[in-house]
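Working through the structure, step by step
Letter by letter, the chains look like this.
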Amino acid sequence: MITKPFACVLLAAASLAASVAAQATESACVRLSDGWIRYPAMAHMAGGFGRIDNTCKADVAVTSVRSAAFKAVSLHETTLVDGVSRMREVERLPVAAGKGVELKPGGLHLMLMDGAGPLQEGQRVPLWLGLSDGTEVRGELVVRKP
């Protein structure tokens, strides 16, 4: 027979284990470098750029992006189709082992939407890249002129 105090301890331990398991660990071999946001930027929408490098022995993919400074952050790609510039969301950005991907104006980039307020030159904006292997990459974007 399980007593109420013992059941409470079991439930608390299970809850703690679930919350620890839900927290992603930080990737040791994928990093975001030279991150920046074009200044001047609008509070409701901005572009984020930089370089994602994968020194892991296995391929990974960026599957999500988040930042406390914006309500929504997503990967986008700008392409030229029949002379018309088009932008589309990229749900999964592969980064091959030993390779890197450049996020730059006019190509792959981050869409930063619904910010808390106007961005100031020199401001640092933290963000997290979620990877397909369950890890995350902590990064930073600095607001600067191109």
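A brief look at the structure comes next. (Residues numbered from 1 in each chain as written. Predicted model: local features only at pLDDT ≥ 70, side-chain atom pairs only at ≥ 80, totals over all residues. Heavy atoms only, no water.)

What about the environment of I37?
Secondary-structure assignment places I37 in strand β1 (residues 30-38). For I37, a relative accessible area of 0% translates into the label buried. In the structure, I37 is positioned 106 residues away from V143 in sequence and 4.6 Å away in space, judged by C-alpha atoms. (Helix = DSSP H or I, 4+ residues; strand = E, 2+ residues; numbered from the N terminus. Buried < 20%, exposed > 50% of the residue type's maximum accessible area, 1.4 Å probe, protein only.)

Things to note about the pattern of salt bridges
Opposite charge on two side chains allows them to pair when their charged atoms are near. Taken as a whole and judged by the stated rule, the model has six salt bridges. The salt bridge involving R66 is made with E136; its shortest N-O contact spans 3.0 Å. With R66 in strand β3 (residues 60-66) and E136 in strand β10 (residues 136-144), the pair connects residues that are 70 residues apart, well separated along the chain. Among the residues examined, E136 registers a relative accessible area of 15% and is labelled buried. E140 is the salt-bridge partner of R124, the closest N and O atoms lying 2.7 Å from each other. Separated by 16 residues along the polypeptide, R124 in strand β9 (residues 124-131) and E140 in strand β10 bring together distant segments of the chain. Through salt bridges with shared partners, one network takes in R51, D53 and E102. (Salt bridge = Lys/Arg side-chain N within 4 Å of Asp/Glu carboxyl O.)

Examining the pairing of strand β4 (residues 70-81)
Taken together, the seven bridges between β4 and strand β8 (residues 108-115) define a ladder with antiparallel strand orientation. In the sheet register, V73 faces β8, and the bridge partner there is L112. Relative to strand β5 (residues 84-89), β4 runs antiparallel, the two sharing six bridges. By the bridge assignment, L80 is partnered in β5 with S85. (Pairing = 2+ DSSP bridges.)

Bear in mind that shape data such as this cannot, by itself, settle questions of function.
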